Amino acid sequence: MDHVTLGHGDAALDVARIGLGCMGMSAFYTGSGTDDAESIRVVHRAIDLGVTLFDTADMYGPFTNERLLGRALAGRRDGVVVATKFGNVTDPEVRKNRPIDGRPDYVRKSVDGSLSRLGIDYIDLYYQHRVDTAVPIEDTVGAMAELVEAGKVRHLGLSEAAPATIRRAHAVHPITALQTEYSLWSREPEDEILPTIRELGIGFVPYSPLGRGFLTGRIRSVDDLDDDDFRRFNPRFQGDNLTANIAIVEAVDRVADEVHATAGQVALAWLLAKGSDIAPIPGTKRVAYLEENVAADGVALTDEQVTALDDIASPRGERYGDMSSVSR
């Protein structure tokens, strides 16, 4: 698989240009249950196929996804880039009053927990999962920088941060990657986020690059989702919004027919065509879907096809709330 560089200078991090999001193996998409053995097979197959970037977070489970990834990587750490996140409070009692915590003490406590659960000596890419608007970003990133000095973390990242916040964070310590939702389903980063991080030399890691599975074309009704699948409560998957949004998949299908690929592969190929500083992390808990996603690396779109996809109308309905419009 081709590789890309996230960040620049001392903050540069080389990764294969398609990574693996591990969240769904343990959280949010688990209505039909979890299968750790199959998930570990997915991770092992991903390594065999050349995937290097594996993304998790302490809140997935909570904690169970980091432990799962740690078991999967036992004996296979070489060449693997482990990315995890902190900041979303997992203690339900504490969360009532403080759902996000960016205080330096919490940063230090969180990294030690993640290292233990992952069973590794250092984290390659450590993200603040969401910005804590009650704590200056300089304080949070300053504490994260201390982790780099201590050898516990190699590179720093932010997730769902606003342009002004990104600039302030980057002034404290070089930020290697910004992670935000981006796909044909969510184009918001094109307005301000992408110009900002490219000016600063920060790489981009799009999560949900398949539009929470919608861009694969496999979801045509909420009845296709498990009863407790969180997408049932997402505005874009409901009622008239869903009906209108199916037109997006139909447009992707047309290009897929032209290049003899699946709709999901075309959605990923479109993202890859958006720059050499982008490494999407499609998530899956099935080997077959992993292989399909990784094969998108070999799908080449013409300029005309990219433009045709660019011209697709924005989806109807809001995506869930985030912190990308908040500066602190």
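This one's a predicted model, so the numbers in the text were calculated from it and none came from an experiment.

A separate point is the environment of N234. By secondary structure assignment, the location of N234 is in the loop between β9 (203-207) and α8 (239-259). Engagement of the side chain of N234 in a polar contact is seen with the backbone nitrogen of R236, the distance being 2.9 Å.

This part takes up the pairing of strand β1 (residues 3-6). A one-sided burial pattern is seen for β1, the buried positions being V4 and L6 and the unburied ones H3 and T5. Bridge count for β1 against strand β2 (residues 13-16) is four bridges, and the pairing is antiparallel. Paired with H3 across the strands is A16, a residue of β2. The hairpin formed by β1 and β2 contains six residues between the paired strands, and G7 there has a positive phi angle of roughly 75 degrees.

Our next topic: the side chain of H155. Assignment of secondary structure puts H155 in strand β7 (residues 153-159). By relative accessible area, which is 11% here, H155 ends up buried. At 3.2 Å, the side chain of H155 forms a polar contact with the backbone oxygen of A11. Not counting chain neighbours up to four residues away, the residues in contact with H155 comprise D10, A11, A12, L13, I123, D124, L125, Y126 and T176.

Glancing now at the sheet that holds strand β5 (residues 81-86). Read from one edge of the open sheet, seven strands run β3-β4-β5-β6-β7-β8-β9, paired in parallel fashion. Strand pairing shows two members of the sheet lacking a second neighbour, β3 (20-21) and β9, which therefore form its edges. Here three bridges tie β7 to strand β8 (residues 177-181), and the two strands are oriented parallel to one another. Bridge assignment links G157 to a residue of β8, and that residue is A177.

What follows concerns the environment of R198. Take R198: it is sitting in helix α7 (residues 193-200). For R198, a relative accessible area of 36% puts it in the partly exposed group. Linking R198 and T165, residues 33 residues apart in sequence, is a C-alpha distance of 15 Å.

Attention shifts here to the packing of aromatic side chains. One pass over the structure, following the stated rule, counts six aromatic pairs. Ring plane angle 55 degrees and centroid distance 5.6 Å describe the contact between Y182 and W270, whose orientation is recorded as tilted. Taken together, the residues span a long stretch of sequence, with Y182 in the loop between β8 and α7 and W270 in helix α9 (residues 263-272) at a distance of 88 residues. Look at Y182 and you get buried, because its relative accessible area is 1%. Feature note: the residues Y182, F204 and W270 constitute an aromatic cluster, connected by ring pairs. Note that R218 overlies the ring of Y289, its terminal NZ or CZ placed 4.1 Å from the centroid.

Once that is clear, we can look at the packing of helix α2 (residues 64-73) against helix α4 (residues 104-118). One way to put it is that α2 packs onto α4 with a least axis distance of 7 Å and a crossing angle of 45 degrees. With respect to each other, α2 and α4 are oriented oblique. Across the interface between the two elements, E66, R67, L69 and G70 from α2 touch S114, R117 and L118 from α4. Split by residue class, the contact of α2 with α4 holds two nonpolar, two polar and three charged.

Another aspect to go through is α8. Between the first and last C-alpha of α8 there are 32 Å, a value that for 21 residues agrees with the 30 Å anticipated at 1.5 Å per step. Buried within α8 we find N241, L242, N245, I246, I248, V249, A251, V252, V255 and A256. The positive-phi residue at the C-terminal boundary of α8 is H260, with phi of around 55 degrees.

This brings us to the pattern of salt bridges. For the structure on display, the rule yields 24 salt bridges. Here R117 makes a salt bridge to E66, at a shortest N to O gap of 2.7 Å. In this pair, R117 is assigned in helix α4 and E66 in helix α2, connecting sequence segments 51 residues apart. Of the charged contacts in the structure, one is a salt bridge between R187 and D310, with a shortest N-O distance of 3.8 Å. Of the two residues, R187 sits in the loop between β8 and α7 while D310 sits in helix α11 (residues 303-310), which places them 123 residues apart along the sequence. For R187, a relative accessible area of 18% puts it in the buried group. Residue D310 is classed as partly exposed on the basis of its relative accessible area of 24%. Salt bridges sharing partners connect three or more residues here, namely R98, D101, R103 and D132.

Criteria and thresholds
- Numbering of residues begins from 1 in every chain and follows the order in which that chain's sequence is written.
- Whole-chain, interface and lining totals are the exception, using all residues; otherwise, since this is a predicted model, local features are given only for residues with pLDDT of at least 70 and side-chain atom pairs are given and counted only at 80 or more.
- Values reported for side chains reflect all heavy atoms of the structure, with hydrogen atoms and water molecules removed beforehand.
- Only runs of H or I of at least four residues qualify as helices and only runs of E of at least two qualify as strands under DSSP, and these elements are numbered from the N terminus.
- Under this definition, polar contacts are N or O atom pairs within 3.5 Å; protein pairs additionally need one hydrogen-donor-capable and one acceptor-capable atom, and for neighbouring residues in sequence, both atoms have to be side-chain atoms.
- To sort residues, take the accessible area from a 1.4 Å probe on protein chains only and compare it with the maximum for the residue type: under 20% means buried, over 50% means exposed, and anything in between is partly exposed.
- Strands are treated as partners if at least two bridges between them are detected by DSSP.
- Two residues qualify as a contact provided that any one of their heavy atoms is within 4.5 Å of a heavy atom in the partner residue.
- Whether two aromatic rings pair depends on their centres lying within 6.5 Å, for rings of Phe, Tyr and Trp, where Trp uses its six-membered ring; planes under 30 degrees apart make the pair stacked, over 60 edge-to-face, and the rest tilted.
- Two thresholds decide whether a charge sits over a ring: the Lys NZ or Arg CZ must be within 6 Å of the ring centre and within 35 degrees of the ring normal.
- Interaxial angles span 0 to 180 degrees and are taken between N-to-C directions of axes, which are lines fitted to C-alpha atoms, for helices over the stretch in contact.
- Any angle that is under 35 degrees is reported as roughly parallel, and any over 145 degrees as roughly antiparallel; angles of 65 to 115 degrees are reported as roughly perpendicular and all others as oblique.
- Residues are sorted three ways: Asp, Glu, Lys and Arg are charged, Ala, Val, Leu, Ile, Met, Phe, Trp, Tyr, Cys and Pro are nonpolar, and all the rest, Gly among them, are polar.
- Helix span, as expected, comes to 1.5 Å for every residue beyond the first.
- Salt bridge, as used here: a side-chain nitrogen of Lys or Arg that lies within 4 Å of a carboxyl oxygen of Asp or Glu.

Taken by themselves, the reported measurements are silent on function.
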